[in-house]
Amino acid sequence: MIKTKDIHKSFGALEVLKGIDLSIDKGEVVSIVGPSGAGKTTLLQILGTLSRPTSGEIEIDGVAVHTLSDKNISKFRNTKIGFVFQFHHLLPEFSAFENVCIPGYIAGRERHEVEKRAAELLGMLAMEHRLTHKPAELSGGEQQRVAIARALINSPAVLLADEPSGNLDTKNKEEIHKLFFTLRDTFGQTVVIVTHDEQLAEMSDRKIQMIDGLIRP
Ligand code: ADP
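The name given to the chain in an unreviewed UniProt entry is ABC transporter ATP-binding protein, with Alistipes hominis as the source organism. The chain has a UniProt comment under Sequence similarities (unreviewed entry) that states "Belongs to the ABC transporter superfamily."

Encoded structure:
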């Protein structure tokens, strides 16, 4: 599902990624761990096509994304990549259900198809009783569930999560972690997570350790 070849990334004179070769299968839940400053978020942003590598190749779901124009890369990102962050960035004036649907409408999909998928996802995430609630009326864990459903509305090939449980208490954390495995088992969802949470990393199908811009063998 994801293949990178010799990815380098520099910010000015600072080389943050120093040659990343990675291969992730469909339906794998992979955790990326490592000390602060190791380059984990930079790598996740490159996998999400939010940032381009300085050099190297990257293929996602059979598409050589490093060869795409800026216009095509954003189209690719909108349909193929789902993002979940530590802070969910839900739109405060919209309900949980509307927040999940909006990226589907933006992608130009049929309204009824988007709403059917949103209901299915929110049901799977045990949020069916919170559809009309606004983000401020939801707990932190519930807000993150909505953010995960939103990330999946367009059935992305890859779900990328950056510290998705960093802001949650232990109970909510564990529930969010379990969800990633439910998504894998239900949709064959490929998930890549940057995390400091050792428990999550250990539960994952694979733990990738990054140190100083490289993957530790
Ligand atoms: P991690 O996620 O492992 O903590 P990051 O990928 O966030 O590491 O950052 C790696 C290094 O790259 C850090 O030294 C950080 O300051 C630097 N860095 C990240 N993004 C930028 C940027 N946009 N401009 C300059 N330096 C950056």
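(A) Structural context of the overall build of the chain. Each helix and strand counted, the chain has seven helices and 10 strands in total. Relative to the 2.2 N^0.38 estimate, which gives 17 Å for 217 residues, the radius of gyration of the chain is 17 Å and therefore close to what a compact globule would have. The buried share among the 217 residues of the chain stands at 40%. A fraction of 71% describes how many contacts in the chain between residues 6 or more apart in sequence connect residues 24 or more apart.

(B) Quick peek at the packing of helix H5 (residues 140-152) against helix H6 (residues 170-187). Relative to each other, H5 and H6 sit at 20 degrees, their axes nearing to 9 Å. With respect to each other, H5 and H6 are oriented roughly parallel. The crossing of H5 and H6 is right-handed. For the pair H5 and H6, the contacting residues are Gly140, Gly141, Gln144 and Ile148 in the first and Asn172, Glu175, Ile176 and Leu179 in the second. Of the residues assigned to the contact of H5 with H6, the class counts are three nonpolar, four polar and one charged.

(C) Region of the structure containing the sheet that holds strand S9 (residues 206-211). Taken together, the six strands give an open sheet; going across it, the order is S6-S7-S8-S3-S9-S10, and neighbouring strands pair in mixed fashion. If you trace the sheet from one side to the other, it starts and ends with strand S6 (81-84) and strand S10 (214-215), each paired once. The pairing of strand S3 (residues 29-33) with strand S8 (residues 190-194) spans four bridges and is parallel. If you follow Ser31 over to S8, its bridge partner there is Ile193. Packing against the sheet, helix H1 (residues 40-47) makes contact with S3, strand S7 (158-162), S8 and S9, and its axis sits at approximately 150 degrees to S8. In the packing of H6 onto the sheet, contacts are made with S3, S7 and S8, and the angle to S8 comes to roughly 160 degrees.

(D) Structural view of the site of the ligand. Near the ligand the following residues occur: Phe11, Leu14, Val16, Gly34, Ser36, Gly37, Ala38, Gly39, Lys40, Thr41 and Thr42. Contributions of two or more residues to the shell around the ligand are made by strand S2 (14-24) and H1. With three residues, the single largest contributor to the shell around the ligand is H1.

(E) Layout of the UniProt feature "domain: ABC transporter" (unreviewed entry) in the chain. Taken from the UniProt record, the annotation "domain: ABC transporter" (unreviewed entry) applies to residues 2-217. In residues 2-217, the share of helix is 38% and the share of strand is 26%. The end C-alpha atoms are 18 Å apart.

(F) Inspection of the pairing of S8 at higher detail. Across the five residues that make up S8, a large majority, five, are buried. By the alternation rule, side chains of S8 split into Thr190, Val192 and Val194 and Val191 and Ile193, which are all buried. Bridge analysis of S7 against S8 gives five bridges, and the strand direction is parallel. From the neighbouring strand, Leu159 faces S8, where its bridge partner is Val191. One crossover worth recording links S7 to the parallel S8 by way of H6, and it is right-handed.

(G) Broad picture of the packing of helix H3 (residues 96-106) against H5. Running from N to C, H3 and H5 cross one another at 25 degrees; their axes reach a closest spacing of 7 Å. As the angle between them shows, H3 and H5 are arranged roughly parallel. The element H3 and its partner H5 pack so that their crossing is right-handed. Across the interface between the two elements, Ala96, Asn99, Val100 and Pro103 of H3 pack against Val146, Ala149 and Arg150 of H5. Grouping the amino acids of the contact of H3 with H5 by side-chain chemistry returns five nonpolar, one polar and one charged.

Rules used in this analysis
- Residues numbered from 1 in each chain as written.
- Predicted model: local features only at pLDDT ≥ 70, side-chain atom pairs only at ≥ 80, totals over all residues.
- UniProt positions renumbered as here; feature names shortened; annotations may be inferred.
- Helix = DSSP H or I, 4+ residues; strand = E, 2+ residues; numbered from the N terminus.
- Rg over C-alpha atoms; globule rule 2.2 N^0.38 Å.
- Buried ≥ 20, exposed ≤ 12 C-beta atoms within 10 Å, placed from the backbone.
- Contact = placed C-beta atoms within 7 Å.
- Axes fitted to C-alpha atoms, helices over the stretch in contact; angles between N-to-C directions.
- Parallel < 35°, antiparallel > 145°, perpendicular 65-115°, else oblique.
- Left-handed = near helix turned anticlockwise from the far one by under 90°.
- Nonpolar A, V, L, I, M, F, W, Y, C, P; charged D, E, K, R; others polar.
- Pairing = 2+ DSSP bridges.
- Near = placed C-beta within 6 Å.
- Right-handed = clockwise from strand over helix to strand, strands pointing away.

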